[in-house]
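# Observations on the three-dimensional arrangement
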Amino acid sequence: MQRMQFSQAMARKNLNFVGMEEDDEDVEEGEEIDSAPPMKVGEERQINSLGLKKKLLKSGSGWETPELGDEVTVHYTVVMVDGTKCDSSRDRGEPLTFNLGAEQIYKGLDQGITTMKRLETASFSLASNTDKAFEVELISWNRVIDICKDGGVIKKIVYPGQRDQRPGDLDEVKVKYEARLADGSVIARSPEEGIEFHVKEGHFCPAISRAIKTMASGEKAILTVGPQYAFSDSGRDIVEQYCAVPPNSTLDIDIEILSFKQVVDVMGDSYVLKKVLREGEGLDTPNDGAVVHVRYKGMLEDGTIFEKMGFDQGEGALFVIDEEQVIPGLDRTFATMKKGEFSTVTIKPNYGFGDAEVKRDLAIVSPNSTVIYEIEMIRFTKEKEPWEMDTREKIDAAGKKKEEGNILFKSGKYQQAAKKYTKAADCLNEGSFEDGEEKAAKTLKVSCWLNNAACSLKLNNFNDTIQLCSKVLDIESQNVKAMYRRAQAYIGTFDLDLAELDVRTALEVDPGNREIKSISKTLKQMQLERNKKDAKVYRNMFAPMWNGGVESKRPKVDVPRETEDSVMATDGEHTESMAIDSS
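A short tour of the structure in this document, coming up. Because the structure is a prediction, the values reported are computed rather than measured.

Calculation criteria
- Residues numbered from 1 in each chain as written.
- Predicted model: local features only at pLDDT ≥ 70, side-chain atom pairs only at ≥ 80, totals over all residues.
- Heavy atoms only, no water.
- Disulfide = S-S within 2.5 Å.
- Buried < 20%, exposed > 50% of the residue type's maximum accessible area, 1.4 Å probe, protein only.
- Axes fitted to C-alpha atoms, helices over the stretch in contact; angles between N-to-C directions.
- Helix = DSSP H or I, 4+ residues; strand = E, 2+ residues; numbered from the N terminus.
- Parallel < 35°, antiparallel > 145°, perpendicular 65-115°, else oblique.
- Left-handed = near helix turned anticlockwise from the far one by under 90°.
- Contact = heavy atoms within 4.5 Å.
- Nonpolar A, V, L, I, M, F, W, Y, C, P; charged D, E, K, R; others polar.
- Core = buried A, V, L, I, M, F, W, Y, C linked by side-chain atoms within 4.5 Å.
- Polar contact = N/O pair within 3.5 Å; in protein donor to acceptor, adjacent residues only side chain to side chain.
- Pairing = 2+ DSSP bridges.
- Expected span 1.5 Å × (residues − 1).
- Salt bridge = Lys/Arg side-chain N within 4 Å of Asp/Glu carboxyl O.
- Phe/Tyr/Trp six-rings, centres within 6.5 Å; stacked < 30°, edge-to-face > 60°.
- Lys NZ or Arg CZ within 6 Å of the ring centre and 35° of its normal.

## Here's the deal with the state of the cysteines
By the definition in use, this model includes zero disulfides. Free cysteine cysteine 448: the closest other cysteine sulfur is in cysteine 427, separated by 8.9 Å. Look at cysteine 448 and you get buried, because its relative accessible area is 0%.

## Here we look at the packing of helix H8 (residues 435-458) against helix H10 (residues 480-492)
The contact between H8 and H10 brings their axes to 10 Å, and the two run at 20°. By the angle between their axes, H8 is roughly parallel relative to H10. The chirality of how H8 crosses H10 is left-handed. Contacts between H8 and H10 pair Leu450, Asn451, Ala453, Ala454 and Leu457 from the former with Lys481, Ala482, Arg485, Gln488 and Ala489 from the latter. Partitioned by chemical class, the residues of the contact of H8 with H10 number six nonpolar, two polar and two charged.

## Examining unusual backbone geometry
In the Ramachandran plot, glutamate 240 falls in the positive-phi region, its phi being about 50° despite a non-glycine side chain. When you line up the elements, glutamate 240 lands in the loop between strand S14 (220-225) and strand S15 (251-261). Phi at asparagine 368 takes a positive value of approximately 55°, unusual for a residue other than glycine.

## A look at the nonpolar core
Counting 39 residues, the largest nonpolar core has Leu428 and Ile491 as the members making the most contacts within it. Judged by nonpolar contacts, the second largest core, of 30 residues, contains Ile147, Ile187, Val199 and Ala221.

## Observations regarding the side chain of serine 520
Counting through the fold element by element, serine 520 comes out in helix H12 (residues 514-546). Setting aside its immediate chain neighbours within four residues, serine 520 contacts Val503 and Leu507.

## A short note on the side chain of serine 343
Relative to the helices and strands, serine 343 resides in strand S21 (residues 342-347). Judged by its relative accessible area of 0%, serine 343 is buried. A polar side-chain atom of serine 343 sits 2.7 Å from a polar atom in the side chain of glutamate 341. Once you skip the residues sitting within four places of it in the chain, serine 343 turns out to touch Lys274, Lys275, Val276, Leu277, Met337, Tyr373, Glu374 and Ile375.

## Remarks on the pairing of S21
Strand direction decides the pairing type here: strand S17 (residues 272-278) and S21, joined by six bridges, are antiparallel. Bridge pairing in S21 links lysine 275 to threonine 344. One ladder, built from six bridges, connects S21 with strand S24 (residues 371-381); its direction is antiparallel. Bridge pairing links threonine 344 to glutamate 374 in S24.

## Quick notes on helix H6 (residues 391-410)
For H6, spanning 20 residues, the distance from its first C-alpha to its last is 29 Å, which sits close to the expected 28 Å at 1.5 Å a residue. Looking only at H6, the buried set comprises Lys394, Ile395, Ala397, Ala398, Lys401, Lys402, Gly405, Asn406, Leu408 and Phe409. Those residues of H6 that are buried lie in contact with helix H7 (414-427) and H8. Residue glycine 412 follows H6 closely and has a positive phi angle near 80°.

## Describing the pairing of strand S6 (residues 96-99)
Burial along S6 is two-sided: Leu96 and Phe98 facing one way and Thr97 and Asn99 facing the other are all buried. Bridge count between strand S4 (residues 71-80) and S6: four bridges; the pairing is antiparallel. For glutamate 71, the partnering residue across the bridge sits in S6 and is asparagine 99.

## Things to note about the pattern of salt bridges
Within this structure, the stated rule accounts for 36 salt bridges. Between glutamate 43 and arginine 45 there is a salt bridge, with the nearest N and O atoms lying 2.9 Å from each other. Note on glutamate 43: relative accessible area 26%, which makes it partly exposed. One salt bridge connects arginine 392 with aspartate 396, and the closest N-O pair in it is separated by 3.3 Å. Highlighted residues: arginine 392 and aspartate 396, both in helix H6, separated by four residues, approximately one helical turn. Assessed through its relative accessible area of 46%, aspartate 396 is described here as partly exposed. Because the salt bridges share partners, they merge into one network encompassing Glu172, Glu196, Lys261 and Lys275.

## Remarks on the packing of H8 against helix H9 (residues 462-475)
Interaxial distance between H8 and H9 falls to 8 Å at its minimum, and their mutual angle equals 160°. As the angle between them shows, H8 and H9 are arranged roughly antiparallel. Classified by chirality, the crossing of H9 by H8 is left-handed. In this structure, H8 contributes Lys442, Val446, Trp449, Leu450, Asn452, Ala453, Ser456 and Leu457 to the contact, and H9 contributes Phe462, Asp464, Thr465, Leu468, Cys469, Lys471, Val472 and Ile475. When the residues that make up the contact of H8 with H9 are grouped by side-chain class, the tally is ten nonpolar, three polar and three charged.

## Structural notes on the packing of aromatic side chains
How two aromatic rings sit relative to each other is given by the distance of their centres and the angle of their planes. With the rule as written, the count across this model stands at eleven aromatic pairs. Aromatic side chains phenylalanine 204 and phenylalanine 231 sit 5.4 Å apart centroid to centroid with 80° between the ring planes, which places their arrangement in the edge-to-face category. Highlighted residues: phenylalanine 204 in the loop between strand S13 (195-198) and helix H4 (206-212) and phenylalanine 231 in the loop between S14 and S15, separated in sequence by 27 residues. Cluster of aromatic residues (ring-pair linked, three or more members): Tyr296, Phe306, Phe319, Phe334, Phe353 and Tyr373. The ring of phenylalanine 231 has arginine 236 lying over it, and the distance from NZ or CZ to the ring centre is 5.7 Å. A cation sits over an aromatic face here: lysine 308 above phenylalanine 311, 5.1 Å from the ring centre.

Set out below in structure tokens:
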């Protein structure tokens, strides 16, 4: 077979098409417009703006066509207008293999071949060669991709993979490969059964990990690797039975992905890593509030089993997502799993049992232990989303979530309580309510926003408090509780003038309110202290002018610690009227 090699120089020259992810809306000059209807045998058509014409002689198979940069194998015949044959690969008895777009054949013919399907035969006429006709049969092609976009790692796909998903940095892959120098000398080879490693940890040379992230399971490819992605100008010494790698060597690597296991960073900070050993069904995963049926086994890093759950029950152990029934890392892992999925998860102490010693059913978990779980998600039932409920269900669900939030608030679990209040309010934001239900929905929503604001105050999330109270005041402009909590938040952000405005308005609405009077006193004291400090700052600022130009040192201005303490104290000194709404 006659072959034209795709060199790194050609790759760099043709970066505009090799491995490109072009914008489908842009049509370059001379490019075929894909919206044209399929051609029929015997039909002739101009296929680009440069005068390239195509006549279909035999239909091909499938629907895919090669792209510029791909390696194609063709038979071709060039015939003059008088019928004289002037060139033919068939007469030589071997097809021609070359890379589209590298100007290795008649200029313009590459564009025509990109319109052909496998085993298709067509005749082309070029505006630049009006005295010749070109008959081409597309035998096959291999996709060629410039992985790094600099010609440093060129991948030729020999056999496509079996699924669309590609490995990520965290995933564990099993790979088979052989690496050679340009003269064919083998410099590395994996075991016949392959070798396993995590993509981000790499193996052999930098090109391997880069290539793997573009490959599907089962894919086979040939890599042409430049020195910058191999062993650079340092080369490599002899390793076992393999020869040395000279400096600045280009490598050829045959590579196949035998399999890979997806690894999911559950929390996004690498402290909870789930490795999928068996894929689940479909795309659905549990939502917060879903009831899950699982089997799991918990182990220490040395393999000691400290608990087993769900093996004695036919349907597994039952848990509700986001209800703190298991450690946080395990709860969040459940929420990522599909029905039938089997995975292992490694959980660091901050999402596990923390720095406490914990006695479990089968062993003790020492402080600051990393734990490993094997989990099977048998099935789950998702909690209804608000858009799936009728109006009565929404009000009932919101009331239930609010009560759950109140219990958590009274237990000091403010973050979890806030989530309940948020979900309750979300139930009431979907759709419209009947006249009789609208009032109840509005009252319940206001109550949830106010209770959520109380959680935010406890957590020092002052901006969230301000937003929640402002929502209430948008629909109930004289709600004293909203003004009171927003004033507390403004004090927390040291916006004392805005706090004063809320306090003054609240006293106009409810002059006898003890909590408002108390916060008003605190606010006046803080404003007095602020004014004193401001006056001192201004005196020091203008002292050089008053002292005949002699500059004095400006003191450092700090918010006094007592002010912060007093802000927090006001939150804990509610009478019943300013407590969370339990009704």
